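Spelled out, the chains give:
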Amino acid sequence: SAQLRARVGPPSYMLVQPLGRRHVAPQLSGSQRSAVKNYQVNERRKRIIAASWRRRVAWIAKSSAFVGAATLLLRSFTVAPSPAPSLASKAPSHVPTQASVDSTRPLDDEFEQSSAVMAYKSIKSVMQKPPQHWVGDGFHVFPVFNHLAFSKELSPWLMFDYAAPKRFEPTRQKLGVGQHPHRGFETITIAFQGEVEHGDSVGNKDVIGPGDVQWMTAGRGIIHEEFHSREFAKKGGTFEMCQLWLNLPAKHKMHAPRYQPILSSAIPVAVMSPKGFANPDEKNVVKVIAGNFEGTKGAAETFTPVDLWDMQFESSDAPFEFRVPDGHNTIVFVRRGEISIGPEGGEKIVGSQGVALMNPAGTTLRLVPKEKGTQVLLLGGEPLDEPIAARGPFVMNTNEELYQAMVDFQSGRMGS
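Residues numbered from 1 in each chain as written. Predicted model: local features only at pLDDT ≥ 70, side-chain atom pairs only at ≥ 80, totals over all residues. Heavy atoms only, no water.

## Some points on the overall build of the chain
- Tallying secondary structure elements over the chain gives 7 helices and 28 strands in all.
- Relative to its 416 residues, the chain shows a buried fraction of 44%.
- Taking as baseline every contact in the chain between residues at least 6 positions apart, the subset at least 24 positions apart corresponds to 73%.
- Accessible area for the chain stands at about 21100 Å²; split by element, carbon and sulfur atoms hold 54% of it. (Helix = DSSP H or I, 4+ residues; strand = E, 2+ residues; numbered from the N terminus. Buried < 20%, exposed > 50% of the residue type's maximum accessible area, 1.4 Å probe, protein only. Contact = heavy atoms within 4.5 Å. Areas by Shrake-Rupley, 256 points an atom, 1.4 Å probe, with all protein chains shown as cover.)

## Details of the packing of aromatic side chains
- Under the criterion given, the structure shown has 14 aromatic pairs.
- Considering the side-chain rings of Phe 168 and Phe 239, the 6.0 Å spacing of their centres and the 85 degrees angle between planes classify their relative orientation as edge-to-face. Of this pair, Phe 168 sits in strand 6 (residues 157–168) while Phe 239 sits in strand 13 (residues 237–247); the two residues are 71 residues apart in sequence, bridging distant segments of the chain.
- A relative accessible area of 9% places Phe 168 in the buried class.
- Among the aromatic residues, ring-to-ring pairing joins Trp 134, Phe 139, Phe 168, Phe 232 and Phe 239 into one connected group.
- Against the face of Phe 227 rests Lys 174, its NZ or CZ located 4.3 Å from the ring centre.
- A cation over a ring is seen here: Arg 335 above Phe 192, with NZ or CZ 3.6 Å from the ring centre. (Phe/Tyr/Trp six-rings, centres within 6.5 Å; stacked < 30°, edge-to-face > 60°. Lys NZ or Arg CZ within 6 Å of the ring centre and 35° of its normal.)

## Concerning the side chain of Asp 310
- Mapped onto the fold, Asp 310 is located in strand 19 (residues 306–313).
- The class for Asp 310 is buried, based on a relative accessible area of 12%.
- Setting aside anything within four residues of it in sequence, one finds Asp 310 in contact with Phe 192, Val 285, Val 286, Lys 287, Ile 289, Arg 335, Val 376 and Leu 377.

## Some thoughts on the sheet that holds strand 13
- The 7 strands lie next to each other as 4-5-6-13-8-11-14, forming an open sheet whose pairing is antiparallel. What marks the edges here is a single partner per strand, and that holds for strand 4 (133–135) and strand 14 (258–262). The sheet shows a mean angle of 25 degrees between the axes of neighbouring strands, taken without regard to direction.
- Note: strand 5 (residues 139–143) against strand 6, 2 bridges, orientation antiparallel. (Pairing = 2+ DSSP bridges. Axes fitted to C-alpha atoms, helices over the stretch in contact; angles between N-to-C directions.)

## Structural notes on unusual backbone geometry
- Residues Ser 155 and Pro 156 are joined by a peptide bond in cis, for which omega reads 10 degrees.
- Looking at the secondary structure, you find Pro 156 in the loop between strand 5 and strand 6.
- Phi at Asn 146 is positive, roughly 50 degrees, even though this residue is not glycine.
- Structurally, Asn 146 is set in the loop between strand 5 and strand 6.
- Phi at Phe 150 is positive, roughly 65 degrees, even though this residue is not glycine.
- Considering the arrangement of structural elements, one finds Phe 150 in the loop between strand 5 and strand 6.
- For Phe 150, a relative accessible area of 27% translates into the label partly exposed.

## Remarks on the confidence of the model for the chain
- Overall, the predicted model of the chain reaches an average pLDDT of 81, with 70% of residues at or above 70.
- For the stretch residues 1–26, pLDDT sits under 50, and the model shows 25 contacts to residues farther than four places along the chain or on other chains.
- Note that pLDDT drops below 50 for residues 52–117; the model gives that stretch 72 contacts with residues more than four away or on any other chain. (pLDDT = per-residue confidence, 0-100.)

## Describing the pairing of strand 26 (residues 374–381)
- Counting buried positions along strand 26 yields 8 of 8 residues, so the element is predominantly enclosed.
- Judged by which residues are buried, strand 26 turns out to be covered on both faces: Thr 374, Val 376, Leu 378 and Gly 380 on one side and Gln 375, Leu 377, Leu 379 and Gly 381 on the other are all buried.
- The sheet contact formed by strand 19 and strand 26 spans 8 bridges and is antiparallel. Counted as the bridge partner of Asp 307 is Gly 380 from strand 26.
- Note that strand 21 (residues 329–336) and strand 26 share 7 bridges and pair antiparallel. When the sheet's bridge partners are listed, Thr 330 is paired in strand 26 with Gly 380.

Structural data, given as structure tokens:
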């Protein structure tokens, strides 16, 4: 690129005009200065991107048999400078139009997206296992999000209760939570062991078992109840589940209630491979409940871009890397086992029932299972840039909307 600059010569705006013994830069109009600034910024971006790609392809050339192809790629990323904006005249016709400036962006964006593939999400915070509490008499849960629940730091996710494996003796009692209302968000219940029975005011009745998911949109309002299933209560056994609350954007908060029963058999499963392994190991699997995992689309319908992955690792001390959207919040919960998470050199350890909150910037998530049989739940999503007003079973945008929700429930106008 230095040889090309020498051959082409500097842009006209860099030339100085002799005036006796003094040298002064040409006087430019405001529009011309703007054109020059845009030109300089674009040239600098192109040089940085080209240098980055030359380094990558040089590494490929050293470690690959395809040296000839790599050399051609290296040549293709030697970028000549663009023609400088003409400043010979002050007429507006010599200033680049917005269309001509925009015409360079698709190429730059393509390079930036390719370069961003290896931009790792760093760790924002790690929260250790919080104390448990009872929800009703059937769910002994860890409030996973702890003090960050209902905050913008986790958006669009609001709350996360995890009931770790617990033995329940046979009983004729209904263990769980009786009728209660919701408005303005969605609840996602995942059964890992045991069975959960659901009933609501719009006529849905269902039982979910191991691996099944119940995705309920409260929307404008629903009244429901949830218990251990009658069959499970009668027999007793080990019970494990979680419930997530997912916010709805303001425009969908008054959507009609909706219920998605998602059986385990209907959830797409993808195979994961540790970094550096050519063939995936079928023992490392991810169930894509929602969103997209390396091209595998999740089972649930969502109102905003959301990822919900149930991951199981049988390989230990091997790094796994996953593509995740830049700008999205990413939350990694360890159900069982232990992981190291974060870019190499910046990792942190997260143990059972701990959670890692990642910084939104970056497109690659790196984690290393430290034990065989490690199980992880990944939650991701595009943040909602909206205020959160939450009280009890209602999540709206303003206190006035919360008050109206309470009035509607107390007057019997909620639940249909």
